[in-house]
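# Coordinate analysis (summary)
Chain by chain, the residues:
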Amino acid sequence: MNTCMTITCGTCELNTDCRIGYSNRPIQPIQFSCPHCHTQLEIVLDISEAPRSKFSFKGCEPSKQQANGPFSGNNPFVDLHLDFPVKFGEYVPGATPWFASLTQVEEATGGDRKKAFEMSQFHAARLHALNQLYPRAEELKRIINLYHGKNKQLFQRRAAEYLEEDQEQSLLPQDLNATLYRVIAKAFFPFVVHEHGREISEELPRMLFALDSAALDSFIDEIFSSGFVDALQRDCLRIYPKIFDAELPLRPALFLDLIKGNESEMVAGRVSSSDFFSFKDLYKDILEIIGRQLVLVAGINNLLHRGNANSFRVIDGGSLSGLRKLSEKTLSDKFKYLDDCWYNLSQDVFNLGLRNAIAHNNVLYDQSTQVITYFPDGGRLDKAQGRDLAFLDFMRLLLVAFREMHNLHHVIKSLFYYKFLIYDQHHVHGQS
């Protein structure tokens, strides 16, 4: 369903023609910049009492001069939709955001209309699941906090309510861990690629059991006795609820899963909610966590190749003394110590120039064009060279970075299981 309307900006009092496509989200806050004066405008579509719908406006109002029938072309035109990239330009009757997206998916499938429709239905189902999950973000935060608290029984009870399961009674560490990761799996199903996580969860335990047990136990002792894994898990868990804060602008980024490649130039669109500054630090924080997760990846890699978690390959006549030294390296430096790595790290995740620019506050954002200009070498006396990135590209980058962090979190999960079920049992029996 779509509604066409002409709105008048409250700042410049000029008109813009809008075609608003309906998402399946009950409340749909749609934001864009006035094409005339670049004031931020907001239209909120409420379909919570469907089939009845109603609109509210901020910074604008419906035009008193709106004509009947198709738009004449005298005003700027914008196609608006929460779930698909937004487009400014010429009004084409019938070329709604939904039909335009279906055409793009069809082109990506080589003209296979049936497959394109199935993929679009998958996207709709994923968004429907998201609609059920995002209102429970605060509940999720409370469950995660309970996991780290002392009242483990309350954690199990609240988690069982969230999962809509019979209450779990076991307070064994491995069972508490299992409950936590079932909650994570349910809450973030719309955002992740399930097959990737399942592959790690199934393959990594087999890989660990094939290693020398004494060398593996030494690795487990080092990373757990130092508190490194516990702190890393805690920081990962802090990220998850923040993804729900970014749920609205991530919707069109999820759509890009359906077309070839990760580049939003294929759709040449914008995002119809929020802005860059709300989420820039989230991307930086996720990359920082991935950098620490790579210490675990490197330890397992060293065990596989050299039988010792702290044994790195020789580079330029020397090698690192151990994982502690690797943990002190910058993210960009860590990559070269992952020789012939068992984990296939996605390079689509890393825009280190953007990450550095965000960290040093060397970023500009144009709301009217939704273009981010970042300066990787900013802060110097000489004029820095800026690089441009569309906000939609940034949200896609944020999404794939979150997926990589989530996939690597399966490494943490597997190491916890090994500690609880194997390592701890060995040491309990060894002491008795």
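Presented here is a report on the structure given in the accompanying data block.

Alternating residues of strand β7 (residues 77-80) divide into Phe77 and Asp79 and Val78 and Leu80, and every residue in both groups is buried. Summarising the sheet, strand β2 (residues 15-21) and β7 pair through 4 bridges and their orientation is parallel. Considered in β7, the bridge of Asp17 is made with Phe77. As paired elements, β7 and strand β8 (residues 87-89) share 3 bridges and run antiparallel to each other.

Core analysis: the largest hydrophobic core is formed by 108 residues, its most contacted members being Phe219 and Phe394. Broken down by element, this core gets its largest block of residues, 19 residues, from helix α14 (residues 391-431). Residues within four places of Phe219 in sequence aside, it is in contact with Leu296, Gly299, Ile300, Leu303, Ala309, Leu323 and Leu415. One finds Cys34, Leu45, Ile47 and Cys60 within the second-largest nonpolar core, a separate group that totals 19 residues.

Time to look at the layout of surface pockets. Its boundaries defined by the atoms lining it, the largest pocket holds a volume of some 700 Å³. Along the walls of the largest pocket sit 27 residues, with Val193, Glu195, His196, Glu199 and Asn407 positioned nearest its centre. At the level of secondary structure, the elements contributing two or more residues to the lining of the largest pocket comprise α2 (113-133), α6 (194-209) and α14. For the lining of the largest pocket, the leading source of residues is α6, giving 8 residues. For the lining of the largest pocket, the class distribution of residues is 12 nonpolar, 6 polar and 9 charged.

Take the pattern of salt bridges next. Scanning all chains against the criterion turns up 23 salt bridges. Here Glu161 ties to Arg158 by a salt bridge, and the two come within 3.1 Å at their closest N and O atoms. Note that Glu161 and Arg158 are positioned in helix α4 (residues 152-163) at a spacing of 3 residues, about one turn of the helix. You can call Arg158 partly exposed: its relative accessible area is 35%. Across the pair Lys284 and Asp285 runs a salt bridge whose closest N-O atoms are separated by 3.2 Å. You can call Lys284 buried: its relative accessible area is 18%. Residue Asp285 is classed as partly exposed on the basis of its relative accessible area, which comes to 26%. Shared partners join several salt bridges into a network, and the residues in it are Arg25, Asp83, Glu247 and Arg251.

Nonpolar side chains collect at one region of the surface, where Trp98, Phe99 and Phe117 lie side by side and expose about 310 Å² of accessible area between them. When you line up the elements, Trp98 lands in helix α1 (residues 97-108). Taking the relative accessible area as the measure of exposure, Trp98 reaches 33% and is therefore partly exposed.

For the rest of this paragraph, the subject is the sheet that holds β7. Here 5 strands make up an open sheet; going across it, the order is β6-β1-β2-β7-β8 and the pairing mixed. Two strands close off the open sheet at either side, each with one partner strand: β6 (60-62) and β8. Averaged over all pairs of adjacent strands, the angle between their axes in this sheet comes to 30°, without regard to strand direction. Where strand β1 (residues 2-9) and β6 come together, 3 bridges link them in antiparallel fashion. Its bridge partner being in β6, Ile7 is matched across the sheet by Pro62.

The next point concerns the sheet that holds strand β10 (residues 371-374). Reading across the sheet, the 3 strands line up as β9-β10-β11 and stay open at both edges, with antiparallel pairing between neighbours. The open sheet is flanked by β9 (363-366) and β11 (387-390), the only strands paired with a single partner. Averaged over all adjacent pairs, the angle separating strand axes in this sheet is 25°, with direction ignored. Pairing of β9 with β10 involves 4 bridges; the strand directions are antiparallel. In the strand pairing of β10, Val363 is matched with Tyr374. This element, helix α13 (residues 352-359), spans β9, β10 and β11 of the sheet and lies at about 80° to β10.

Overall, the coordinates contain 28 aromatic pairs when judged by the stated rule. Between Tyr240 and Phe402, the ring centres sit 5.5 Å apart and the planes meet at 80°, which makes this aromatic pair edge-to-face. Residue Tyr240 is found in helix α8 (residues 228-245), and its partner Phe402 is found in helix α14; the two are separated by 162 residues along the sequence. Both rings, one in Phe335 and one in Phe350, keep their centres 5.0 Å apart while their planes meet at 65°; by these two values the pair is edge-to-face. Taken together, the positions of Phe335 in the loop between α12 (331-334) and α13 and Phe350 in the loop between α12 and α13 put the pair 15 residues apart, joining distant regions of the chain. In this structure an aromatic cluster arises from ring pairing among Phe276, Phe277, Tyr283, Tyr365, Phe391 and Phe394. If you follow Lys152 out to its NZ or CZ, it ends over the ring of Tyr147, 5.5 Å from the centre. The ring of Phe224 is capped by Lys419, whose NZ or CZ atom sits 5.5 Å from the centre of that ring.

The rules behind the values
Residues numbered from 1 in each chain as written. Predicted model: local features only at pLDDT ≥ 70, side-chain atom pairs only at ≥ 80, totals over all residues. Heavy atoms only, no water. Buried < 20%, exposed > 50% of the residue type's maximum accessible area, 1.4 Å probe, protein only. Helix = DSSP H or I, 4+ residues; strand = E, 2+ residues; numbered from the N terminus. Pairing = 2+ DSSP bridges. Core = buried A, V, L, I, M, F, W, Y, C linked by side-chain atoms within 4.5 Å. Contact = heavy atoms within 4.5 Å. 1 Å grid on protein atoms, 1.4 Å probe; cavity = no way out; pocket = protein on both sides within 12 Å on 5 of 7 lines; lining within 4 Å. Points joined across faces, edges and corners; volume = space filled by probe spheres on them. Nonpolar A, V, L, I, M, F, W, Y, C, P; charged D, E, K, R; others polar. Salt bridge = Lys/Arg side-chain N within 4 Å of Asp/Glu carboxyl O. Patch = residues over 30% accessible without salt bridge, like charges linked within 9 Å, V, L, I, M, F, W, Y side chains within 5 Å. Areas by Shrake-Rupley, 256 points an atom, 1.4 Å probe, with all protein chains shown as cover. Axes fitted to C-alpha atoms, helices over the stretch in contact; angles between N-to-C directions. Phe/Tyr/Trp six-rings, centres within 6.5 Å; stacked < 30°, edge-to-face > 60°. Lys NZ or Arg CZ within 6 Å of the ring centre and 35° of its normal.

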